Structure formats: structure tokens, C-alpha cells
Amino acid sequence: MDLEARFRDVLPDVEFCSLRLEDESQEFLYVRDDIVLPVRSSADVGAMVTVVDGGGIGYAATADLTTSGLAKAVEQARAWAAGSRGRTVTDFSKIVMPHPKGSYTTPVRTPWESVSLADKIALLREECARVGGDPRIVQRDVSISWVHRETLYLTNDGGRVEQCFDHIVPSIAVTAHADGQTLSRSLGGRGYCRQGGYEVVQECGLDTVGPELRDEVLELLSAPDCPTGTMDVVLDPDQVILQVHESIGHPLELDRILGDERNYAGRSFVTPDMFGSYRYGSELLNITYDPSRTEEFASYGFDDEGLTATREYLIRDGILERALGGHVSQQRAGVPGVACSRANGWTRPPIDRMANVNLEPGSATLDEMIGRVENGVYMKTNTSWSIDDSRNKFQFGCEWGRRIENGKLTHLVRKPNYRGISATFWRSLAAVGNESTFMVLGTPNCGKGEPSQTARAGHAAPTCLFTNVDVFGGE
Amino acid sequence: MKEKFFELVDRRSKALQKDEVLLANVHQETSDFVRWNGGRIRQCGTVDQAYLGLTLIRGDRTCDSILSLTGDLDVDDARCEKAIAALRERLEVVPSDPFVLYSEEVRSTDRSTPNRLPDRDTVLGDVERAAAGVDFVGSLASGPMRTGFANSLGQRNWEESHSFLLDWSLFHVEDRAVKASYSGFEWDSERFGRIMDSARSQLEIMKREPRTVAPGKYRVYLAPAAVQEFLGTMSWGAFGLRAHRTKQSNLLKLSEGELSLDPRVTLKENTRDSIAPGFQGDGYLKPDEVVLVENGKFKDPLVSPRSAKEFGASVNAGTWESPNSLELQPGGLAPADVLRELGTGLYVNNLWYMNFSDRTACRMTGMTRFATFWVEDGEIVAPVKVMRFDESAYRVLGSELEDLTSESELLVVPDTYGGRSSESHRVPGILLRNFEFTL
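These figures come from a predicted structure and were not determined experimentally. (Residues numbered from 1 in each chain as written. Chains lettered and ligands numbered in written order. Predicted model: local features only at pLDDT ≥ 70, side-chain atom pairs only at ≥ 80, totals over all residues.)

**Regarding the overall build of chain A**
Of the regular secondary structure elements, chain A holds 10 helices and 24 strands. Against the globule reference of 23 Å for 475 residues, chain A gives a C-alpha radius of gyration of 24 Å, in line with a compact fold. In terms of principal-axis extent, the alpha carbons of chain A reach across some 70 × 55 × 35 Å. Scored against the burial criterion, the 475 residues of chain A give a buried share of 58%. Counting contacts in chain A only where the partners sit at least 6 residues apart, residues at least 24 apart contribute 76% of the total. (Helix = DSSP H or I, 4+ residues; strand = E, 2+ residues; numbered from the N terminus. Rg over C-alpha atoms; globule rule 2.2 N^0.38 Å. Buried ≥ 20, exposed ≤ 12 C-beta atoms within 10 Å, placed from the backbone. Contact = placed C-beta atoms within 7 Å.)

Here it is as C-alpha cells:
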């Protein structure tokens, strides 16, 4: 008897019951200073059962997928639903849950398994060796993480969704030390993460970018610290995505707005009445939730509450339109959202998580943006991030900076940092790069929730120019 | 669980080929999770999970695998057999690793504590009564946690406990809130009530008109939870031998003698008095304590088996060379005298979301969160709106350190990423002459 038949066999007589099966395999290859560290693989299979009945709600997670294992999980979830009846934040029976049907599969051109382990290791060793050779280099890291995830979502009223994902995160970093300073340069600060097959490894430039990173970090060692002052900043996509993630993505999550996360990940300065009218940024700011870009890290057909994923504007021409909240949160808040209720595996219940949140490209070239700056810094690659629990006062740091003076790029500066306030920072967005500056990136480990869970978020963005920013450097 | 795990390793050990060594680690927990918002339940459920880590070693080649376990010995054994066969194939491909090291000395241990957790309804009932009339937001994690190690050399280690952690906040409006937690092995309704009463008292202060403080330097008292956050971030890559030898440690200037901390600062990895297992994943027993910083000077780094082999040192830590049970020794300031000694300044209960502004200088930024108070002449005057700080560990634990409180608190890290954390900090509060706020 297959899993679906076993689930149908143990279905309880309740208002709503779902089963979410997760079967995830991973492989992690890592070469550090020419040594191949132990190749690590994992296989994780289990299911979560959710029951809604009499207004209450409960879940149970188990790796025992036999009929008796599922029956036990159903009984546990049912007991929680009964125990929580009359004690919950909302009457869950009044929220009509979807019973979706469909499937989704990551398009893969070169399957991960089609390339031998020996060839993958050879590539990593070669790239690691290529960035060595200078005595100031103290560590060289090259790695690839691959995740294959299959999910099956079943509901008591015939819902059935099968999805299959392949995620790849290639990474290379070079760290150097001289004169008391230790600095790193990396491929996007682990921001280069995508869905797809082994082709992603080639597309990201893992086999070409190393020497450039090595040269940059060695140059940075002797560069002056970033100056302090109010000035303009041009941010490359591998910093813009972090800015979007922390100061747009998280504040728009409905569970924060509803207060669910106040004890842990925090709340939001955004309130329900702001949707439809609040000016979040300048007219150049256009933010989408876009699950349709198939190579992006968090594309999917359905979220973990069964909602169909469609592309939506969250912010259009600077005005806030829509939240990042799944079906249950939308019903509770009365605010339009998107299909983004997600769990990071079978052991955790779904919560509101940003998925692909993108800053849409504009019309400026990089040269035009640089040319507009009299006094500023061009920054690349996030290395530090911190923001308050309402997602307002932030401070971010980058690996690489170059001064912009009178419309021209001049010398390198190290340890560039900047700080600001979300609610005003996006209004200082003065230019948005065109398609030529646009990159599809992401964040592999976003933490949130009680119990805690990590999520994969996709972000695509162009280079952007911001004016009058509080900039500073190292000690 | 213990018997099944050891039987599994026995079976697989007997099937190993010549010159192969098997290391196995298991972590199992059955956890009840409840989260509340506004005193009402948002989500609740039970998670029964077990993960088995396998390391197959042949000479100087090694590969790892992690599997979820079903709990059925025969089913799990079949999956292990398949996983080990895959690891064996990989050993044919991977190059030699000069830094493979595992414990060859068989030292078995067994430490289990009985289950004294109350029934679920007792806790839910207590929380519901205590949360009446107040905006209670929080979470409960409760149930057994089991960690085991076994290898094909015959070593067997096991730790089992039944614990709970209730972590919560009481909110007035917006971000004006008070944080509290209660953890242990036995639920005491009266003790929970006292902690809740104390939080309610602080919440009353949060209802006063909040004060906006301009960026600048202030006298500050960091309560133990704030110190925990500060030390937690400072510890990222700070104490490992590899981080020091490769010049990447945030505390490189300390270990190289260029800078020092206040002589009253002594930091230890104190496994003996912690909730963490006393063994690590390669079969080594952890020392009772490792003195990391003594009287303001760097002393011993944390050393993983890999670093021990690479740099010729002795193993005293796990793979990540990161403290799991960090202790800051207390000082001489009586807790009752904190407000008087602070005089005029900020009383900070919690810090939040820290990261580095400059790693070389061990300079970190972060936010105040929850109850931060403006104090004048030793009296709490008003809550303070959230502030961003940017400060170096060399100033906070060095030139600006006025005193440490004479009593420490054991604070359990509430994170449950992948599983419930066994990380904790034992720290006092610290009084600072100057602490810089920037935004």
C-alpha cells in the first residue's frame, strides 16, 4: 500500500486533515586549502499531519510512515486540536482550507548525478588551487551544496500536490591577512543559490571567478578604511538582495504584522492599514513576489498550505500593495497576501516565509549611476547584517568598496558599512539598474519561527543608487 | 532508543570490512511545541524525530552520512546498510585526508535523568491563568532529548534528559515588552508564578511614556541576558585553534597579546555544569572545563580533532570549535546595588540581532530589545525606545568595564533549529562606564 492509500486509510472524522510528506537528500562537497573535507550526504524522510476540528488545530510529525505510524500521528494531531479548542488565536474551523491538485518540478538541464563525484571534486580542487600562491592568503574555501527535495501534500477532501525541487549553492571564498587585518572576498557572500542542475555551477562562474576574488582581497588589504560621512551609495545586486530581504521581505510578513513572531524573530513597523496607500519607497521601487522565475531559489507551484503560487506586486511605483502571508494569515488579517506559507521540512509546521522577493529592474546603466554621484561609495557583497525587531533601524556591511568622486570610480576602500531606517531608506532610491545589472540570487538560510526553522529565499535585483546615506568604515 | 541505537551500531560494526572504522552519533527528541500570541494558541503539536550520523573511515579516507530514523530497528538497519555501502563506494573516490582523527581509546559513559515533566494540561493551564489580562507571546518546548555516540571499537556514550523551556514576552503596545523564560526538568507552578509576577512588574514600567535617547555614549548596565547575546556573537569564530592559526579569529589581537581585556574577565567553556552532552562526535570526552580567557589574557583555544592533527594540539572540543557552555566569571557587584552604582544611564535587559562592524577589532553592532530603562540617580525613570549600538569587545570587556555582578544566571539558548538546543551561557550582569549608541 502506498503512502497516499495508508493516509486515506487512517483519515479521522474531522473537519480538515492534511499530510505533508518531505523526502530530502543532500550532498555537500567542500575543499579547504586543497584538502577535500569529508563528503557529507543526508537522507531525511518524514511527514507532518495537521488536524483542524471544532475550531482547534494541532500537528504531529513522524518518520514512521507505516499505517500504524500515521495513525499515531493523526491521533496526536487530533488530541492537540481538541486540547486547543477554544484557546486559539482564531476559530480555525472558519478558515476554509484549499484542497489543491497539481504538481511542480524544477527544470534541470544537467542532473547532479550525471556528473561523477570524482569530476566534481576535481573541479573544486582545481579552483581551490588556482586562488592560492600568495603568502598573505590564509584560507581558501570552495564548496557546492546540492539539495533534492520531493514533497507530497494530501488533504482529506482529495487535495493532492506533488512537487520536486533541485537546489544548488556553489561557493568560493578567499581570506587574506596582512598588517593586522584579515579580510575575505567571496562569490556573492553565499548569495549565489539557485534551482536547477549542475549547470548552475557553470553559470555562476565558480570555475572562473576565483582569481578575481583573490586579487581583490589582496588589494583590499592595503586599501584605506571606508570614510565616514553622509554620502551616496551604489549597491551591487549581492548587497541589494540583503537590503530587500531584511527591510522589505521581513517587514511584509503577515505573521510578524499579526504579532505571532513578537517573542522571537520580531514584529514589523508595517501595519495592516498601510496596504494600498503607504509610500514605502521612491517611485522607482517595484517589488514582486515571483514564483514563476524557475531558476530562482524559492520557486514553486504551491505553498505548504496548498495555495497556488502566482506572481504579484508587493510594492508598485513605491506604494505598498500586498503582504507576504499565506492563506491562514490572510484570513486572520484581512490583508491580501501570496502563497508563502512554508515549512523547512517535515518536523516543522508552515509559517509565513518570503519566497522569491525581487526588486524589478529599471532603466539606468551602471555607468550612469556612477556618473551621478559626486561623493559616494560603490559597495559589493554583504558580509554583515543587523536590524531591529520592527525591521526599521538597520546596519549592513560589505566585503568590497570603491570610492566614487565627481562621477568617477577612484580607489578601493575596505570594511564599508552603512546604516539607516527602512521607512526612509527606500525613499532615497534614486536610480535602479537595467537588465544588464540584474542578477538572480538568494539566501539559503533565513531563520525564524517557534520552533525555529530555516528557509530558502530567492532574490533577484539590479544595481541601485541611494542618496544621502550614513556611511562608515572599520576602526 | 538507547538499546536500538547500540544494537544498530553492533550490527553494522560486525558487517564492516577490513580496516574500516565506523563512528555513529544519534540525536533523538520527542518534543511538544506550543506557541502563543496574545495569550491564545497559534500552533501546537508533537514532533518525534531521530537523526543518525554515520562516519566511515578507512585509513586516511573518510565520508559522512546523516539519516532520519523511523524507530523500527530492522527498517533503520536496512537503511544504514545501504548508506554505509554508499559511503564505501565514495571512499574509493575521495582523496586521502591528512587530518582525520578520532578517539581510539574506548571510554563509555551513560547519564540519564528520570522523567519528572508534568502532564501537558498542567503547563497549559498555568500559562493560561498567568497570561490572563496581559498580551502574552511565547513558546513552549518540552519532552525527552537523547544523544548517543557509538563506534566499531566498542565505545558507547549516552545522555538522556527530559526538560522544558518556556520562553515568553509580555507586551504593552508596539515593541514595548518584557522578556522572560523558565526552563528546567521539573515544573514548579509557584516558581513560574514568581517569574511571571516579576515580568508583570517590569511591564508596568514599560507603560510609562518612553524616552528617546540621542546617539552617544552612556553609562550602561547590561543584564545577564544582554551579556549572553553579546558573548554569543563575540564567540563566532573567536576561540577555535584553527581561527587563530589562520589569523581569522575575532580575538586575534587578544591571542597575539596586542590587546587585553580587563583582569577580572575570565571566560570558560564549562561543560561540567552545563546541559550539554559530555562527549563529542568523534568519540572524545569533553574536559570538564577549558579556560579560554584568564584574567583578561587569552589562554587556551578550543581544539577539534581535525585541528589537533593539523596543528599538533590536544582535542578538547567538537568539530566547530565553538563554545557550547560559555561561562563568564562573576565579579563583586551585588545585584541589589546595580541601580545605585549605575546612577544615571541605561539599564539594558536584552540585546538583539548582533553582527560585526569590524571583525579584526571585534567591533559589533546590534539593537536593544524588550525592556531597556532610563535610570536617573539610581531610580528607573522610563522605558527607552530601541537603540542601535556599535561597540568593541575590547572596550566592553576591557577599558569600559566598571564591574560584574556577583551572581550569575544560567541562560538556555531557546533556538530549536533542527532540534532543541543544548547550548547555554552562565553569565553575570556587567556595568559599563561608556557604551556607544549610534542610531
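Back to the write-up after that little detour.
**Notes on the pairing of strand 10 (residues 289-294) of chain B**
Residues and elements named next belong to chain B. By the bridge criterion, 4 bridges tie strand 9 (residues 267-270) to strand 10 in an arrangement that is antiparallel. What sits directly across from E269, in strand 10, is V290. Where strand 10 hands over to strand 11 (residues 297-298), the hairpin turn is made up of 2 residues, of which N295 adopts a positive phi near 50°. (Pairing = 2+ DSSP bridges.)

**Some words on the domain arrangement of chain A**
Residue and element names in this part refer to chain A. Domains assigned within chain A are domain 1 (3-221) and domain 2 (229-472). Contacts between the two partners involve 43 residues from domain 1, matched on the other side by 36 residues from domain 2. The residue inventory of the side of domain 1 that touches domain 2, partitioned by class, reads 17 nonpolar, 17 polar and 9 charged. (Domains from an automatic or database assignment. Nonpolar A, V, L, I, M, F, W, Y, C, P; charged D, E, K, R; others polar.)

**Details of the interface of chain B and chain A**
The partner chain A presents 64 residues to the 67 residues of chain B that form the contact. Looking at the side of chain B that touches chain A, the elements that each hand over two or more residues are strand 1 (20-37), strand 2 (40-58), strand 3 (61-68), strand 5 (135-151), strand 6 (156-171), strand 13 (345-358) and strand 14 (363-376) of chain B. If one sorts the elements of the side of chain B that touches chain A by residue count, strand 2 of chain B sits on top with 10 residues. Broken down by class, the residue content of the side of chain B that touches chain A amounts to 26 nonpolar, 23 polar and 18 charged. Here 3 bridges tie strand 4 (residues 56-62) of chain A to strand 2 of chain B, and the two strands are oriented parallel to one another. Among the inter-strand pairings, A61(A) is bridged to a residue of strand 2 of chain B, identified as V47(B).

**Thoughts on the packing of helix 1 (residues 2-14) of chain B against helix 2 (residues 73-91) of chain B**
All names here are of chain B. Packing of helix 1 against helix 2 leaves a shortest axis separation of 10 Å and a crossing angle of 40°. By the criterion of interaxial angle, the relationship of helix 1 to helix 2 is oblique. When you trace helix 1 past helix 2, the crossing you get is right-handed. Here K4, E7, L8, R11 and R12 of helix 1 lie close against helix 2, whose contacting residues are L73, D76, D77, C80, E81 and I84. (Axes fitted to C-alpha atoms, helices over the stretch in contact; angles between N-to-C directions. Parallel < 35°, antiparallel > 145°, perpendicular 65-115°, else oblique. Left-handed = near helix turned anticlockwise from the far one by under 90°.)

**Focus: the sheet that holds strand 10 of chain B**
What links the strands of a sheet is backbone hydrogen bonding, and the strands pair in either a parallel or an antiparallel sense. Residues and elements named next belong to chain B. One open sheet holds the 6 strands; their spatial order is 11-10-9-12-19-18, and the pairing between them is mixed. Both edges of this open sheet fall to strand 11 and strand 18 (409-412), since each of them pairs with a single strand only. Along the sheet face, helix 5 (residues 224-234) touches strand 12 (325-328), strand 18 and strand 19 (424-427) and points at about 120° away from the line of strand 19.

**Some thoughts on unusual backbone geometry**
Cis geometry is adopted by the peptide bond preceding P451(A), which originates at E450(A) and carries an omega value of 0°. Counting through the fold element by element, P451(A) comes out in the loop between strand 22 (439-448) and strand 23 (453-461). Phi is positive for N295(B), which is not a glycine, with a value near 50°. Along the polypeptide, N295(B) turns up in the loop between strand 10 and strand 11. By C-beta crowding, N295(B) is classed as partly exposed, having 14 other C-beta atoms within 10 Å. The phi dihedral of Y353(B) falls on the positive side, at around 55°, and the residue is not glycine. In this fold, Y353(B) is placed in strand 13.

**As for the domain arrangement of chain B**
Residues and elements named next belong to chain B. For chain B, the domain assignment lists domain 1 (2-206) and domain 2 (216-437). Its C-alpha centre places domain 1 at a distance of 25 Å from the equivalent point of domain 2. With 34 residues of domain 1 at the interface, the matching set in domain 2 holds 27 residues. Elements with a minimum of two residues in the side of domain 1 that touches domain 2: strand 1, strand 2, strand 5, strand 6, strand 7 (177-184) and helix 4 (189-206). Split by residue class, the side of domain 1 that touches domain 2 holds 12 nonpolar, 15 polar and 7 charged.

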